[in-house]
Amino acid sequence: ANPEEFQDAAEQFSFKKMLPRDERRFKQADLNGDLEANREEFTAFLHPEEFEHMKDIVILETMEDIDKNGDGFVDEDEYIADMFSHEEGTPEPDWVATEREQFSDFRDLNKDGKMDNDEIRHWILPQDYDHAQAEARHLIYESDVNKDKMLTKDEILENWNMFVGSQATNYGEDLTRNHDEL
């Protein structure tokens, strides 16, 4: 309604795209339908993955974000493109090959070459899955060169990019503090 609020067309486009999405999410979170968010409804709006009645919105938003060709499915290339932007003429990092295997072995459950809504649900909202524990195991597995199940300062520094990109370390913030366990 107020285009002068935007500095450039890119910001305006982004806002126009996000407003209907946020409205849809708000309406789903607004359990009593009064168009006002109480504490629980606002929390459901901000963290929909934590609320059963919001999980379909999480699936839909994930599909909208990753399904670039608009066919209602996420194929392997779309799955990879969500994590990695490949530059022509450069080799893919090893972790991309691992993610391609993850897609074919664990994401595409019916082996049709693409993920549907049920497969996306299984991927992003798994049952009985501890995200923090899985991330910690991943960091140790990838960084523990001598496989003693303990990380040295050198092992962490050799893989610093994994640690600063990890939610488990608060995106590197926790590495700047003195932690005996690190």
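See the structure printed just above.
Everything numeric here is computed off the predicted structure, so don't read it as measured data. (Residues numbered from 1 in each chain as written. Predicted model: local features only at pLDDT ≥ 70, side-chain atom pairs only at ≥ 80, totals over all residues. Heavy atoms only, no water.)

(A) Summary view of the nonpolar core. Membership of the largest hydrophobic core comes to 13 residues, with the highest contact counts inside it found for Val74, Tyr79, Ile80, Met115 and Ile120. Within the residue set of this core, elements represented by two or more residues are helix H3 (55–66), helix H4 (76–81) and helix H5 (94–107). Residue contacts for tyrosine 79: discarding those within four places in its chain leaves Ile66, Val74, Glu99, Gln102, Phe103, Arg107, Met115 and Trp123. (Core = buried A, V, L, I, M, F, W, Y, C linked by side-chain atoms within 4.5 Å. Buried < 20%, exposed > 50% of the residue type's maximum accessible area, 1.4 Å probe, protein only. Helix = DSSP H or I, 4+ residues; strand = E, 2+ residues; numbered from the N terminus. Contact = heavy atoms within 4.5 Å.)

(B) Highlighting the pattern of salt bridges. Across all of its chains, the model carries 10 salt bridges by this definition. A salt bridge links arginine 21 to glutamate 64; the nearest nitrogen and oxygen atoms lie 3.9 Å apart. Placement of arginine 21 in helix H1 (residues 9–29) and of glutamate 64 in helix H3 is noted, with a sequence separation of 43 residues between them. Note on arginine 21: relative accessible area 14%, which makes it buried. On the basis of relative accessibility, which here comes to 38%, the residue glutamate 64 falls in the partly exposed class. Ionic pairing is found between aspartate 56 and arginine 121, a salt bridge with its closest N-O pair at 2.3 Å. Highlighted residues: aspartate 56 in helix H3 and arginine 121 in helix H6 (residues 117–124), separated in sequence by 65 residues. In this structure aspartate 56 comes out as exposed when scored by relative accessible area, which is 53%. Here the salt bridges do not stand alone but share partners, grouping Arg21, Arg24, Arg25, Glu61, Glu64 and Asp65 into one network. (Salt bridge = Lys/Arg side-chain N within 4 Å of Asp/Glu carboxyl O.)

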